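So you can see what is in the structure, the chains are spelled out below.
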Amino acid sequence: KSTGEDKYLAFAEHEYWATFDKFWDAQESLLYRDSRFLEARDINGKKIFWARGNGWVFASLVKMIEALPEGHASRDKYIARFKAMANRLAAIQEADGSWHPSLLNPELFDMPENSAASFFTYALAWGVNNELLEKAKYQPVIERAWSSLTKTIYADGRLGYVQPSGYDPRPVHKEDTDVYGVGAFLLAASELYKLAK
């Protein structure tokens, strides 16, 4: 967009889909973090889908859709993946509105993971705000997620339950926080503000 030169978008798309397609599990509509997880299973024999890893990707779909010009040949593919992930994430949301570090085995680490939840909330709200997701279906998901997130902001302003840097599902403590979780939370807040207007 800055240069007006299509070669940069073509390069970005090539790299994006080379990675996305390699790690996309079409059956689960989720992504593996990297090649180490393609065949790996957790102690309960379930596939391992790291919440924050999927959060980064779900938010990146928003950014790629925003960057594409109207009528771009790949736009429908991005939107289809975005909708598939949205549907899956809505289906596996916990009753309290949270998502846990391991998306398909939430009992393994039985606590919220708020960097992922913030990215999910941001992208879901963006999808409703941009009329890609049905408001009637997704607004309750967004509201439950936001309620869960705001319950873990502590008196000192800290957002808790943000998994430390890593590459796989791990235990998270209420004292854990980091800037990427706070940044994702602010992204979510920016879309919630638009949704509320």
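None of the values given here were measured: they were computed from a predicted structure.

A. Representation of the nonpolar core within the structure. By size, the foremost hydrophobic cluster in this structure holds 56 residues, and its most contacted members are Phe58, Phe82, Trp99, Leu103 and Leu124. Listed by contribution, the elements that provide at least two residues to this core are helix H1 (6-23), strand S2 (30-31), helix H2 (51-67), helix H3 (75-92), helix H4 (114-129), helix H5 (135-150) and helix H6 (179-196). Top element by residues in this core is H4. It accounts for 10 residues. Dropping the residues within four chain positions of it, Phe58 is found in contact with Phe82, Met85, Ala86, Leu89, Phe119, Phe120, Ala123 and Leu124.

B. Representation of the environment of Ser98 in the model. Along the chain, Ser98 turns up in the loop between H3 and H4. Relative accessible area serves as the criterion here: at 1%, Ser98 is assigned to the buried category. Contact partners of Ser98, with chain neighbours within four places excluded, come to Gln93, Pro112 and Ser148.

C. Representation of the environment of Pro164. Here Pro164 lies in the loop between H5 and H6. As a C-alpha pair, Pro164 and Ala26 span 138 residues in sequence and 28 Å in three-dimensional space.

D. Layout of the side chain of Asp34. Summarising the element assignment, Asp34 is placed in the loop between S2 and H2. Of the polar contacts made by the side chain of Asp34, one reaches the side chain of Arg36; its length is 2.5 Å.

E. Quick peek at H1. Compared with an ideal rise of 1.5 Å per residue, which puts 18 residues at 26 Å, H1 spans 26 Å between its outermost C-alpha atoms and is within 8% of the ideal. Turning to H1, its buried residues are Glu13, Tyr16, Trp17, Phe20 and Phe23. One side of H1 holds all its buried residues, which, seen down the axis, span an arc of 140 degrees. Away from the buried face of H1 by more than 90 degrees, exposed residues Lys7, Phe11 and His14 are located.

F. Focus on the packing of H1 against H3. Running from N to C, H1 and H3 cross one another at 35 degrees; their axes reach a closest spacing of 13 Å. Crossing angle aside, the handedness with which H1 passes H3 is left-handed. Counting all contacts with H1, which are made through Glu13, Tyr16, Trp17, Phe20 and Asp21, the residues of H3 involved are Lys77, Tyr78 and Arg81. Among the residues forming the contact of H1 with H3, the class breakdown is four nonpolar, no polar and four charged.

G. How the structure looks around the pattern of salt bridges. Counted according to the given criterion, the structure contains 14 salt bridges. In this structure, Lys7 and Glu5 form a salt bridge, with 3.5 Å as the shortest nitrogen-oxygen distance. Linking Lys194 and Glu191 is a salt bridge whose minimum nitrogen-to-oxygen distance equals 3.1 Å. Taken together, the residues Lys194 and Glu191, both in helix H6 and three residues apart, mark about one turn of the helix. Residue classification places Glu191 among the buried positions, given a relative accessible area of 4%. Ionic contacts of the salt-bridge type, sharing partners, join the residues Asp25, Glu28, Lys47 and Arg88 into one network.

Parameters and conventions
Residues numbered from 1 in each chain as written. Predicted model: local features only at pLDDT ≥ 70, side-chain atom pairs only at ≥ 80, totals over all residues. Heavy atoms only, no water. Core = buried A, V, L, I, M, F, W, Y, C linked by side-chain atoms within 4.5 Å. Buried < 20%, exposed > 50% of the residue type's maximum accessible area, 1.4 Å probe, protein only. Helix = DSSP H or I, 4+ residues; strand = E, 2+ residues; numbered from the N terminus. Contact = heavy atoms within 4.5 Å. Polar contact = N/O pair within 3.5 Å; in protein donor to acceptor, adjacent residues only side chain to side chain. Expected span 1.5 Å × (residues − 1). Arc of directions from axis to C-beta. Axes fitted to C-alpha atoms, helices over the stretch in contact; angles between N-to-C directions. Left-handed = near helix turned anticlockwise from the far one by under 90°. Nonpolar A, V, L, I, M, F, W, Y, C, P; charged D, E, K, R; others polar. Salt bridge = Lys/Arg side-chain N within 4 Å of Asp/Glu carboxyl O.

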